[in-house]
Amino acid sequence: MSIKIDVKKKYKDFSLDASIESNARHIGIMGRSGSGKSLLLKCISGIVKPDEGFISIYGRELFDSRKGINIKTAERKTGYLFQNYALFPAMSVRGNIMCVLSGSGEQKRAEAEMLIEKFGLKGLEKHLPSQLSGGEQQRCALARMMASKPDVILLDEPFSALDEDMRDDVMRELKAMLSDYKGIIITVSHRREEIYAMSDEVITLEKGAVCDIKTIKDGDR
Amino acid sequence: MTELANRLSGMDFSPLFISLKTGIAATILAFFAGIYTAWLTMREKRGLRAVTDGILTLPMILPPTASGFILLLVFSTRRPVGGFLYDSFGIKAVQTWLGCVIAAFVISFPLMYRNARSAFEQLDINLVYTARTLGMSEHKILWRVVIPSTASGVASGTVLTFARAIGEYGATSMLAGNIAGKTGTISQKIAMVIQDGDYIGAGIWVAIVGVIAFFIILIINIISMGKKYDKW
């Protein structure tokens, strides 16, 4: 299994109790608002600690309450794309990417240039996040995320901050940009068409529990 | 006018320099201590945060003379802590310039801490979460993400801290005393010259403090307006 999750988490008056095992590389988690989708992503990334259970990705145990394992968020290698992209507002596009990279100054600059080129940010390097459009902000957040070389990418409602008429284009762009990514991509959304376009397997969450798992064939898209 | 000119030409400006020197040293200490404690309390659970916050803010609520009394108890060379510092390291706070800095630091620290914490509370928490998922260390997150994103709040906190530190009187007089040229700050000088009935001397020092205070407020206003300034 590429991903094995079985977690329980009580959060305010909500209770998440989800069990997922999947071999798919592109997993979609669908559910209404308040169904626990984002909470599940936060458990995977380590932002929220589950009350009990385990999370393993490609056999690497990120969390196991019985064994006392709880890898720090910074060491989990999970790229998290927030709905609002969470770009660092005081840093330029280049600064947002460079601050994640390690190595010598020259290595960092070269790698940042490569990511700027790949994610279509040429000419925007010196712009602050507030000077970018929604699509540009998303590309910048993705470039920054790829700079951290994650094992798994978590996309939390990746198109919700975009205008309706931009979504299809950005979705196509996003798929193209992530086409050579070898890790697992977990997309969370309440929109069926987004989940079907982005995933090979769709997991439906309802009131914090998995209620359906479906493999997507090309005809379903 | 001639009398004022004569007074100015023969004036000892050491209280101004001692106040500025004390203010700068105390502000540097309070800046780092305030930011780190605010950062640490942001990571605490609600109940513990309320208790820690109460303790850290205490010097702002207590009368400065009460804080000064506690400092005197701690740093007196006849007491365990003060005695240990003096015997082991030769550090003496009572009736020294170091005492001025410690008193100003203790009294002004809550301003830095509370302003930094308020600025941190306004920050989008997802920026911190994202930085963690990107593998950044907590230290790097604080100085590369949090501080630049809350710069105006932290900067106005720093200026207010400096203002409080240079104006400190109660705790300073208790711990450092009022030794001319050594621990005599502007605030202490004003109190002393009024006791002597020298109203012109007091007026000159009040004018100097007034000019400094005005520039501090001006700097705070410029920082808080930032680039976004809309005229109604």
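Structure shown above.
Keep in mind it's a predicted model, so treat the numbers as computed, not measured.

So, how was this worked out
Residues numbered from 1 in each chain as written. Chains lettered and ligands numbered in written order. Predicted model: local features only at pLDDT ≥ 70, side-chain atom pairs only at ≥ 80, totals over all residues. Heavy atoms only, no water. Helix = DSSP H or I, 4+ residues; strand = E, 2+ residues; numbered from the N terminus. Rg over C-alpha atoms; globule rule 2.2 N^0.38 Å. Buried < 20%, exposed > 50% of the residue type's maximum accessible area, 1.4 Å probe, protein only. Contact = heavy atoms within 4.5 Å. Areas by Shrake-Rupley, 256 points an atom, 1.4 Å probe, with all protein chains shown as cover. Lys, Arg positive; Asp, Glu negative; His and termini not counted. Charge placed at Lys NZ, Arg CZ, Asp CG, Glu CD. Axes fitted to C-alpha atoms, helices over the stretch in contact; angles between N-to-C directions. Parallel < 35°, antiparallel > 145°, perpendicular 65-115°, else oblique. Salt bridge = Lys/Arg side-chain N within 4 Å of Asp/Glu carboxyl O.

Caption draft 1: Examining the overall build of chain A more closely. In terms of regular secondary structure, chain A is built from six helices and eleven strands. Taken over the C-alpha trace, chain A has a radius of gyration of 17 Å; the compact-globule value for 221 residues is 17 Å, and the two agree within 12%. Summarising its shape, the C-alpha atoms of chain A cover approximately 45 × 40 × 30 Å along the three principal directions. Across the 221 residues that make up chain A, the buried fraction comes to 52%. Looking at chain A alone, contacts between residues at least 24 apart form 64% of all its contacts between residues at least 6 apart. Taken as a whole, chain A presents about 10,300 Å² of accessible surface, with 47% of it coming from carbon and sulfur. Averaged over its 35 positive side-chain charges, chain A has a centre that lies 4 Å from the centre of its 33 negative ones.

Caption draft 2: Structural context of the overall build of chain B. Tallying secondary structure elements over chain B gives twelve helices and zero strands in all. Helices (α) and strands (β) of chain B occur, in sequence order from the N terminus, as α-α-α-α-α-α-α-α-α-α-α-α. Counting the 232 residues in chain B, one finds 42% classified as buried. Long-range contacts, defined as pairs at least 24 residues apart, comprise 75% of the intrachain contacts of chain B with a sequence gap of at least 6. A total of about 12,500 Å² of accessible surface is found on chain B, and carbon and sulfur atoms cover 67% of it.

Caption draft 3: Examining the packing of helix α9 (residues 151-167) of chain B against helix α12 (residues 199-225) of chain B more closely. Residues and elements named next belong to chain B. Packing of α9 against α12 leaves a shortest axis separation of 9 Å and a crossing angle of 170°. By the angle class used here, α9 and α12 are roughly antiparallel. Contacts between α9 and α12 involve S152, A155, S156, V159, L160, F162, A163 and I166 on the former and, on the latter, I212, I216, I219, I220 and I223.

Caption draft 4: Molecular detail of the pattern of salt bridges. Tallying each qualifying case throughout the model produces 21 salt bridges over all chains. A salt bridge links D180 of chain A to K118 of chain A; the shortest N-O distance between them is 3.1 Å. You can see D180 of chain A sitting in the loop between α5 (167-177) and β9 (184-189) and its partner K118 of chain A sitting in helix α3 (residues 105-118), a full 62 residues away along the chain. Residue class for K118 of chain A comes out partly exposed when judged on its relative accessible area of 34%. It is possible to trace a salt-bridge network through shared partners that takes in R49, D53, R114, R117 and E121 of chain B.

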